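Structural characterization, general
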Amino acid sequence: MIVENTQTQMRKGILEYCILSIIAKGETYASDIIAELKKAQLLVVEGTLYPLLTRLKNNGLLTYNWVESISGPPRKYYVLSDEGRAVLEQLDKTWQELVFAVQTAIGDRK
Amino acid sequence: MNKTIIININGMVFHIEEDAYEVLKNYMTDVKRHFSTSADSLEITTDIENRIAEMFNEILARDAKQVIVETDVKEVIGQMGSVQDFETAETDAKSGGGSPFEYNTERRRLFRDPDDHLISGVCAGIANYFDINPAWVRLAFAILVPFAAMGLVIYTILWMVVPKAITRADRMAMKGEKQDLKGFKKNFEEELSTVRENLQNFKHEAKPFIYQVRDLISDIFEHLAAFLRGTGSLLGKLLATAVLLACLGMMIALIVSLIALFAAGNMGIYNLFPFNITNHQANGIFMASGFLVLSIPLLAIILSTIGFLFKKASFNRSIGTTLLCIWLASLGAVSYYGVKTAAGFREGGKFTQTVKLKPTANNTYYLQLNDTKYLSNEDSTRLKINERFKGMIILDDDFNGDDMPNRNVTIDIEKSDVPQPVLIETFSARGSNLEEALINARSAAYRFEQKDSVLNFDRHLEMPKGFLWRGQELHLTLKVPLNAKIIIDQKLDRNINFNIYECKSDGDGITTATYIMTASGLECKVDPIKAAKFKADSLKALKQEQDTLPASPADTAKAQ
């Protein structure tokens, strides 16, 4: 139980960082994000992604464009805003530090 | 063979089997309910719906079919995730405080504070909730004690219902501290602090007071429900049912009386106290907001009791906030009109005028009630007096609901030093200032007439249309010379400032009381002729009755 809890927390901690990183690669559709996150085993179901995207958008980190689609209703393609880009840079730095911190911590163990 | 339904998801049309539709509908209802507390609920659910529509299209294309069946819907739901999945994801996020953009939203919880208590820590707990000094809360409770021991009652209930903060987590929740893995997050947070300042909405700290009050109330109800469940659900349910029935009864009574008041409004409640003290328009607002002030707490109690009885949340936060806002607004309206009306009674105004009376030959004055009804020109036209009651006199009924509250015309009789009898009329009224008070006093109409030795008095003041009741009163002082004989009609009993029945000789025959003005004041004088006549009459009547009693069968025969 404790293990699971820590695992989910660790994943959640980096979830938004990962979403921002995926979107940073270019205009992205929600199901593409899902596909990548599923591959990375960070998200299991699509439904949880939409509230996260909405919140990031409302915080000004994302914007989206409507793109017509052949297979259904128009799709929202997300892009990073300037602010989002700045936040992502900060998070990159933080991530490097975390990686360093964790590696230092595990390094002794080996 | 299955029945299919055509559905429309944000502009896309699908054929779907009936049972598949049921599954989809239930799922969407759950999803909508789950996100209903979020500000972005519409956007999120639309996104989800659009994605579902797209997945349906993909399935239809993949399988080269036209109708969506139950397994398709289940597949889509599996991909999208059930509401339980959303919930686990979110509770993890909350208790873990993991997501960097979602902290500090943990709301405070109400607990009794065991570290800072005078009696049981209720006040300190409430103070922690609002992040204020407990002294203020204690003071508020102390102030409420003299009002029907309200402070005491509320305090006792809270003491029983609100749990004590025992664990460290309880205490942190009580003080609004975040519960998370501090060590892990601290560095991360510091790194982000510059960014956060722009992004983070410190929901709790910036929360308007009204939300805090709403959360506090819902917290109390939660504790109450937990308390009732703990003490034995049967007892709780019995109590809840009783409360529910009582509240429903009160609600019905309220609604009935509101309807009655509005229905009666056309017929003239505005002449009745207390509706005659404000103008008609304000009265409508006043009554409506009064109704809301009383009914909203009732409604809240009813809904939460129902929620408790059937273990279902009966109203969510946005409804709660709306109700609280409406309640506060109506409370404001009630107090505003209350204060405004009270201000209309602030100053008193008074003026007198003297009416000279013609002295009568035998120094005798008959005081009588003028019971002709006072009719304005409008009234006469409305009632078609000239057509329907030509040559008749409309009498003023004893009490027809048009009376002002209290007696507003009083009569005193005093000795005059000069032979000239006079009537001093003193009009008084209240208003927001002296001028208004005097105008109000002046507005009251009163008729007094003298016909030889007969003095006719009106029963009450008449208010012209458009003037509000502002305590208009008339005090009449009749000054008559020494040895004047005053004969007062019994109908004036309510207006005369002393008890005329003490002077009136008993029996139905006499309807007047007779006084003589002496040097030391008014003295009662029983009319010897009338008294004697009455005595003789009553004796005669008695005798006749005795005589006719044996012969009654003959009488009845004759009558037939």
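The notes below deal with the structure included here. What you see as residue numbers is a count from 1 along each chain, following the sequence as written. Lettering of chains starts at A and numbering of ligands starts at 1, both following the order in which they are written. Where local features are concerned, this predicted model is filtered to residues with pLDDT of at least 70; where side-chain atom pairs are given and counted, the filter is 80 or more; whole-chain, interface and lining totals use all residues. As a rule here, side-chain values come from all non-hydrogen atoms in the structure, and water together with hydrogens is ignored.

Another aspect to go through is the overall build of chain B. Each helix is a run of H or I in the DSSP string that is no shorter than four residues. Each strand is a run of E no shorter than two, and both are numbered from the N terminus. Counting its regular elements, chain B contains 19 helices and 13 strands. Burial classes follow relative accessibility: with a 1.4 Å probe on protein chains only, a residue under 20% of its type's maximum area counts as buried, one over 50% as exposed, and anything between as partly exposed. Within chain B, the fraction of its 560 residues that count as buried is 39%. Two residues qualify as a contact provided that any one of their heavy atoms is within 4.5 Å of a heavy atom in the partner residue. By sequence separation, contacts in chain B at least 24 residues apart represent 70% of the contacts at least 6 residues apart. On chain B, roughly 32,300 Å² of surface is accessible, and the fraction owed to carbon and sulfur atoms is 60%. Per-residue accessibility takes into account occlusion by the displayed protein chains alone, with areas from the Shrake-Rupley method and a 1.4 Å probe.

This brings us to the packing of helix α3 (residues 49-58) of chain A against helix α2 (residues 41-63) of chain B. The angle between two axes is taken between their N-to-C directions and runs from 0 to 180 degrees, where each axis is a line fitted to C-alpha atoms and a helix contributes only its stretch in contact. Running from N to C, α3(A) and α2(B) cross one another at 130°; their axes reach a closest spacing of 9 Å. By the angle class used here, α3(A) and α2(B) are oblique. Between α3(A) and α2(B) the crossing geometry is right-handed. For the pair formed by α3(A) and α2(B), the contact residues are A:Tyr50, A:Pro51, A:Thr54 and A:Lys57 on the first element and B:Glu43, B:Ile44, B:Asp47, B:Ile48 and B:Arg51 on the second. By the convention adopted, Pro, Cys, Tyr, Trp, Phe, Met, Ile, Leu, Val and Ala count as nonpolar, Lys, Arg, Asp and Glu as charged, and the other residues, Gly among them, as polar. Here the contact of α3(A) with α2(B) is built from residues that sort into 4 nonpolar, 1 polar and 4 charged. Small angles under 35 degrees read as roughly parallel and large ones over 145 as roughly antiparallel, with 65 to 115 read as roughly perpendicular and the rest as oblique. Take the far helix as your reference; a near helix turned counterclockwise from it by less than a right angle gives a left-handed crossing, and one turned clockwise gives a right-handed crossing.

Our next topic: the sheet that holds strand β3 (residues 67-68) of chain B. Residue and element names in this part refer to chain B. A sheet is described by the order of its strands in space; here 3 strands give the open sequence β1-β2-β3, paired in mixed fashion. Each edge of the sheet is formed by a strand with only one pairing partner; in this case those strands are β1 (4-9) and β3. Against the sheet, α2 makes contact with β1, β2 (12-17) and β3, and its axis sits at roughly 65° relative to β2, the strand it touches most. Paired strands, in this sense, are two strands between which DSSP finds at least two bridges.

What follows deals with the environment of B:Thr352. Residue and element names in this part refer to chain B. On the secondary structure map, Thr352 appears in strand β4 (residues 347-356). Given a relative accessible area of 52%, Thr352 falls into the exposed group. Along the chain, Thr352 and Leu476 lie 124 residues apart, while their C-alpha atoms are 9.4 Å from each other. Beyond its immediate stretch of four places on either side in the chain, Thr352 contacts Ile424, Glu425 and Thr426.

For the purposes of this section, nonpolar cores are sets of buried Ala, Val, Leu, Ile, Met, Phe, Trp, Tyr and Cys residues that join through side-chain atoms within 4.5 Å. A:Leu37 and B:Ile52 are the most contacted members of the largest nonpolar core, which totals 52 residues. Broken down by element, the residue count for this core peaks at 8 residues, all from α2(B). Contacts of A:Leu37, omitting those with residues within four sequence positions, involve A:Leu15, A:Cys18, A:Ile19, A:Ile22, A:Leu42, A:Leu43 and A:Leu49. If you look at the next biggest cluster of nonpolar residues, it comprises 33 residues, including B:Leu369, B:Ala441, B:Leu476 and B:Met517.

Residues and elements named next belong to chain B. Together, Ile132, Trp136, Leu139, Ile143, Phe147, Met150 and Ile154 make up an exposed nonpolar region whose accessible area comes to about 720 Å². Counting residues per element, the nonpolar patch draws most heavily on helix α6 (residues 134-144), which supplies 3 residues. Topologically, Ile143 is positioned in helix α6. Each patch is built from salt-bridge-free residues with over 30% relative accessible area, joining like charges within 9 Å and nonpolar side chains (Val, Leu, Ile, Met, Phe, Trp, Tyr) within 5 Å. Any carboxyl oxygen of Asp or Glu within 4 Å of a side-chain nitrogen of Lys or Arg constitutes a salt bridge here.

Attention now goes to the pairing of strand β10 (residues 473-480) of chain B. Residues and elements named next belong to chain B. Across 7 bridges, the pairing between strand β6 (residues 409-415) and β10 is parallel. Bridge pairing in β10 places Glu414 opposite Lys479. For strand β7 (residues 422-431) and β10, the ladder comprises 7 bridges, and the chain directions are antiparallel. Residue pairing in the sheet places Ser428 in a bridge with Glu473 of β10.

Residues and elements named next belong to chain B. Where α2 contacts helix α3 (residues 70-80), the axes come no closer than 10 Å and their chain directions differ by 130°. Judged by the inter-axis angle, α2 sits oblique to α3. Where α2 crosses over α3, the two elements pack in a sense that is right-handed. Residues Ile48, Arg51, Ile52, Met55, Phe56, Ile59, Arg62 and Asp63 of α2 form the contact with α3, whose own contacting residues are Asp72, Val73, Glu75, Val76, Gln79 and Met80. For the contact of α2 with α3, a count of residues per class yields 8 nonpolar, 1 polar and 5 charged.

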